[in-house]
Amino acid sequence: MAEGSNNNKKKTGGKKSGVFKFFKDERFRLSLGSFFLLFALFLILSFVSYFFTWKTDQSFEWEKIISGPEVRVENWAGKTGAWFSSLLINKWFGIASFSIPFLLILTGFKLIRVRLAPFGKTFRITIVATILLSLSLGYIFGDASGFLGSGPGGAHGYFMAEWLNAFIGKTATALLLFVLAFTFLMFSVKNSSAILGNIIRRSGIKSSAADAVPGQDESEEISSGTKNTPDNTDSLSTLEPSETNTDTGKDIDIPDGEIKNQEYYDEEGEEGSVKFHVKEKGPGEKSISDDIINKQTAEDYDPTLDLPSFKFPPINLLESYKPTETSVTKEELITNKNRIVETLANYKIQIDKITATIGPTVTLYEIVPAPGIRISKIKNLEDDIALSLSALGIRIIAPIPGRGTIGIEVPNQNPEIVSMRSVISSIKFQEAKYELPIVLGKTISNETYVVDLTRMPHLLLAGATGQGKSVGLNAILASLLYKKHPAQLKFVLIDPKKVELTIYSKIERHYLAKLPDTEEAIITDTQKVIHTLQSLTIEMDERYNLLKEAHVRNIKEYNTKFIARRLNPEKGHRYLPYIVVIIDEFADLIMTAGREIETPLTRLAQLARAIGIHLVIATQRPTTNIITGVIKANFPSRIAFRVTSMMDSRTILDTPGANQLIGRGDMLITAGSDMIRLQCAFIDTPEIDRITEFIGSQKGYPSAHLLPEYLGENSSESAEVDLRKRDDIFDEAARLVVQHQQGSTSLIQRKFSIGYNRAGRIIDQLEAAGIVGSFEGSKARQVLIQDEYSLEQLLNEIDNN
């Protein structure tokens, strides 16, 4: 018996599973979805026809559908269409019944796995809109003298409106419908509150903080824009006050009477409510804590809104150099091929195949030797082939990686100029999705060479005088200027020659970074170079602390989290722009400063890649005492222009080859084990001048991006500070430092929106008052007061004295 019952259960279960499989079958979904789509089209056809044939269709009953052909209708969809139209438009929802075919279309597409819109949300909104529209049309038009049978709102709309009119009166019904429609729009339209706030402001009505919470005495006008702080990294786009809910949470003081309603998350990724206070700036005044505005879902933070009207330089600022009629003629190719074959044949080296790839300045001849020929034998004939071709710069690649051939690079008799315009306008560069895309030139196969600086992550350029290093640096700078917004990228330009990079001083307020209290952003003095590199190490340490608090590993993850508003700026978080350090004539710096330059540079090269600081170093003396082993180990990507000796080539690339280049921008780039020959893109000084002039003429930041202050070893012994001439915000700064237990100039500068000079003076005053300790290099000063009660006693003593 037990076995029989088990068998019955198995049979029953098998039937059920078979039914479930049928309904889950993809073919069933496709068929059902197609039926819904066709039925929706049928209803649309019958509804449209009903507007012309409603007088006949409204009296059509179901029984007549199965009647004989003697009963005729005028509806385009026949008897069934007439019945459905009369039922849905006349007896149900009127014109709003057109939503029913829409819902059928939405369902049909979902069944065939085509997503038109969020299914559940759209379905709910459509149903509510149908009922509300039917009711509104019934109230406005009534039965409309029998139009469509029961009026535009259908029987449902007409009778519901009549019932409400009798129950609460026509005026109250109109107000009720208005409130229902307004509420429906608030919940269904995205960013409806922001749109409403903009309409109200355009009408001249000022929103105030007092409107958010009843009973507030003073009102502060809410700013909806962004505020540029001196370091241009902490300004945040602001939402409207109507986008917030009331809640309590963490206290954050917003300076200068500006409320920033933004969605923040704690570092663990969980939502945390944030309480904002309006603060009217003034000496000795406390922030108003009556306004409590809670966070709500906000749009992503856009750092480019700091300069919303910024325009990238147009391509027509660059020169378009016309190529020669035929850079490499057919006769030249045949002649070179025959000479190569003849030279190899003289040494009894047979060739099975030879092909040529024409580049802008060099042609690559690929040969396939006959079986049994040793590669080293061909490699040793480099000078003989150069002699037979009467050409300089012959280079043999034996073998070409990944091709199984031997390459012989022969310079063209009439080389082409690779213009910067041609590579900037190339699709490869324009569509590059790299973080820091740079375009260097064209390869032997005439392909535009684009690389991501963040993946390099540092770059070393070396070559003899006049071989193209400065043009290469300008190509790197121009590439980044054409792709990155000033909010996303900053340059630190170091130019000991004082003439190569000064042309970029016009873009100081847009792209350049410098030390506080420095007049010129282009750094030419050796002592200032040392201070700048030390300041960059401080910036590096600060950024690593921010990454640690945000629980991320690199700048890309950090900025993604900040843009998604998952990091609170009031905890010191800020958008981190990339910083590219360009150093020209590195050899001169090593000669004059030596270890003072090499030590911070080595730290940056070893650690700075993860936090977005990248180094580009150029030198014309690639000797071992300039390019040391430590530097080479941290610069895996290197560019070699033409050098005079094989030893210099080995110093740069760890292999010969750079000594065989032809100059004038001909270069080798190595990234790891791969080595590629390029013709560097040419950009002339007038072109750079036009680019910098175009950028410099636009609205920029108040000043260059300020790096952390570096005081140096002798700066710790500061002059005696007179506490009777304290800063106006000295007391507030003291409370801030004690509250956060962090004595740093950047914290005061960020919180009070002041410059580094003033913040540094306040730190000196706090040190003289015994609130913070002495300068400790890259570390924040130690806070000597542990609680606010002790601080207030100390402040009272200072005031009494």
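Model, not experiment: these values are computed from the prediction.

K.L.:
I keep staring at the nonpolar core and nothing clicks. Help me out?
P.N.:
In a soluble, globular protein the nonpolar side chains are often hidden away together inside. Core analysis: the biggest nonpolar cluster contains 102 residues, and Met 420, Leu 440 and Phe 491 have the highest contact counts within it. Sequence-distant contacts of Phe 491, that is, excluding residues within four places in its chain, are made with Leu 477, Leu 480, Leu 481, Tyr 511, Leu 512, Ala 513 and Val 580.

K.L.:
In this structure, what is going on with helix α20 (residues 595-607)? I would like to understand it.
P.N.:
With 13 residues, α20 extends 18 Å between its outermost C-alpha atoms, agreeing within 8% with the 18 Å of an ideal straight helix rising 1.5 Å per residue. Every buried residue belonging to α20 is among Ile 597, Glu 598, Pro 600, Leu 601, Thr 602, Leu 604 and Ala 605, and all of these are buried. Close packing links the buried residues of α20 with α17 (526-550), β12 (578-583), α19 (586-592), β13 (613-619) and α21 (629-633).

K.L.:
Is there a simple way to explain the side chain of Thr 304 in this structure?
P.N.:
Along the chain, Thr 304 falls in the loop between β2 (274-278) and α10 (330-346). A polar side-chain atom of Thr 304 sits 2.7 Å from a polar atom in the side chain of Asp 302. When neighbours within four sequence positions are excluded, Thr 304 is seen to be in contact with His 485, Ala 487 and Gln 488.

K.L.:
Where do I start with the sheet that holds β12 in this structure?
P.N.:
Strands in a sheet are paired, the pairing made by backbone hydrogen bonds, and the direction either parallel or antiparallel. Here we have nine strands laid out as an open sheet, ordered β8-β7-β16-β15-β14-β9-β13-β12-β10, and mixed in their pairing. At either margin of the open sheet sits one strand with a lone partner, and together these are β8 (448-452) and β10 (489-494). Ignoring strand direction, the axes of neighbouring strands in this sheet form an average angle of 25°. Relative to strand β15 (residues 666-671), strand β14 (residues 637-640) runs antiparallel, the two being bridged by four bridges. By the bridge assignment, Ile 639 is partnered in β15 with Ile 669.

K.L.:
For this particular structure, what's the right way to read the environment of Thr 619?
P.N.:
Residue position: Thr 619 is located in strand β13. Given a relative accessible area of 0%, Thr 619 falls into the buried group. C-alpha separation for the pair Thr 619 and Gly 463, spaced 156 residues apart in sequence, amounts to 6.9 Å. Apart from residues lying up to four places away in sequence, Thr 619 is in contact with Leu 461, Ala 462, Gly 463, Lys 469, Phe 586, Ala 587, Ile 626 and Ile 627.

K.L.:
Teacher, can you tell me more about the sheet that holds strand β6 (residues 405-411) here?
P.N.:
Spatial strand order, β3-β4-β6-β5: four strands in an open sheet with antiparallel pairing. Pairing within the sheet leaves two strands with one partner each, and these edge strands are β3 (351-358) and β5 (395-400). Within the sheet, the average angular offset between the axes of one strand and its neighbour, ignoring direction, is 20°. Summarising the sheet, β5 and β6 pair through four bridges and their orientation is antiparallel. Note that in β6 the partner of Ile 397 across the bridge is Gly 407. Contacts from α10 reach β3, β4 (362-369) and β6, with the element oriented near 40° to β4.

K.L.:
Sorry if this is basic, but what is going on with the pairing of β6 here?
P.N.:
Every regular strand shows the same layout, with side chains that alternate between the two sheet faces. Most of β6 is tucked away, with seven of its seven residues classed as buried. Neither face of β6 is exposed, since Thr 405, Gly 407, Glu 409 and Pro 411 on one face and Ile 406, Ile 408 and Val 410 on the opposite face are all buried. Count of turn residues in the β5/β6 antiparallel hairpin: four residues, of which Gly 402 carries a positive phi of about 85°.

K.L.:
What is the right way to read the side chain of Thr 537 from this model?
P.N.:
Residue position: Thr 537 is located in helix α17. Looking at Thr 537, the relative accessible area reads 4%, which means it is buried. Apart from the residues lying within four places of it in its own chain, the contact partners of Thr 537 are Pro 600, Arg 603 and Leu 604.

K.L.:
It is not clear to me how the pairing of β12 should be interpreted in this structure. Could you clarify?
P.N.:
Of all six residues making up β12, six are buried, and the element is well covered by its neighbours. Burial of the side chains of β12 extends over both faces: Tyr 578, Val 580 and Ile 582 are buried on one face and Ile 579, Val 581 and Ile 583 on the other. Pairing of β10 with β12, which is carried by six bridges, proceeds in the parallel orientation. Residue pairing for β12: Leu 489 is matched across the bridge by Tyr 578. Where β12 and β13 come together, five bridges link them in parallel fashion. Note on β13: the bridge partner recorded for Val 581 is Leu 615.

K.L.:
Please explain the pattern of salt bridges as it appears in this structure.
P.N.:
Opposite charge on two side chains makes pairing possible when the charged atoms of those side chains draw close. For the structure shown, the criterion picks out 23 salt bridges. The shortest N-O distance in the salt bridge between Lys 506 and Glu 693 comes to 3.3 Å. Taken together, the residues span a long stretch of sequence, with Lys 506 in the loop between β10 and α16 (508-511) and Glu 693 in helix α23 (residues 685-696) at a distance of 187 residues. Given a relative accessible area of 34%, Lys 506 falls into the partly exposed group. Taking relative accessible area as the criterion, Glu 693 reaches 44% and is therefore assigned partly exposed.

K.L.:
Honestly, the confidence of the model for the protein chain in this entry has me stumped. Any pointers?
P.N.:
Summarising the model, the protein chain shows a mean pLDDT of 78, and 79% of its residues fall at 70 or more. Note on residues 205-297: pLDDT is under 50 here. Beyond four places in sequence and across chains, it has 224 contacts. Low pLDDT, under 50, characterises residues 713-719; the stretch is placed with one contact to residues that sit more than four places away or in other chains.

K.L.:
Sorry if this is basic, but what is going on with the environment of Arg 621 here?
P.N.:
Inspection of the secondary structure puts Arg 621 in the loop between β13 and α21. For Arg 621, a relative accessible area of 34% gives the class partly exposed. Residues contacting Arg 621, with those up to four places away along its chain left out, are Ala 587, Met 591 and Ile 626.

K.L.:
What is the right way to look at helix α5 (residues 119-141) in this model?
P.N.:
With 23 residues, α5 ought to run about 33 Å at 1.5 Å a step, and its terminal C-alpha atoms sit 32 Å apart, in line with that. Residues of α5 that are buried: Thr 122, Thr 126, Thr 130, Leu 132, Ser 134, Leu 135, Leu 137 and Gly 138. In this fold, the buried residues of α5 make contact with α3 (78-93), α4 (99-111), α6 (154-168) and α7 (170-188). At the exit of α5 stands Gly 142, carrying a positive phi of roughly 65°.

K.L.:
What is the right way to read the packing of aromatic side chains from this model?
P.N.:
Think of a pair of aromatic rings as described by two things: how far the centres are apart, and how the planes are tilted against each other in angle. One pass over the full model with this rule turns up 18 aromatic pairs. Between Trp 92 and Phe 93, the ring centres sit 6.0 Å apart and the planes meet at 70°, which makes this aromatic pair edge-to-face. Each ring, one from Phe 310 and one from Tyr 511, has its centre 6.2 Å from the other, and the planes form 75°; the classification is edge-to-face. Remark: Tyr 511 occurs in helix α16 and Phe 310 occurs in the loop between β2 and α10; sequence separation between them is 201 residues. In terms of burial, Phe 310 and Tyr 511 fall into one category: buried. Members of the aromatic cluster, connected to one another through ring pairs, are Phe 35, Phe 36, Phe 39, Phe 42, Trp 83 and Phe 84. Looking at Lys 483, its charged tip hangs above the ring of Phe 429, at a distance of 5.5 Å from the centre.

So, how was this worked out
Residues numbered from 1 in each chain as written. Predicted model: local features only at pLDDT ≥ 70, side-chain atom pairs only at ≥ 80, totals over all residues. Heavy atoms only, no water. Core = buried A, V, L, I, M, F, W, Y, C linked by side-chain atoms within 4.5 Å. Buried < 20%, exposed > 50% of the residue type's maximum accessible area, 1.4 Å probe, protein only. Contact = heavy atoms within 4.5 Å. Helix = DSSP H or I, 4+ residues; strand = E, 2+ residues; numbered from the N terminus. Expected span 1.5 Å × (residues − 1). Polar contact = N/O pair within 3.5 Å; in protein donor to acceptor, adjacent residues only side chain to side chain. Pairing = 2+ DSSP bridges. Axes fitted to C-alpha atoms, helices over the stretch in contact; angles between N-to-C directions. Salt bridge = Lys/Arg side-chain N within 4 Å of Asp/Glu carboxyl O. pLDDT = per-residue confidence, 0-100. Phe/Tyr/Trp six-rings, centres within 6.5 Å; stacked < 30°, edge-to-face > 60°. Lys NZ or Arg CZ within 6 Å of the ring centre and 35° of its normal.

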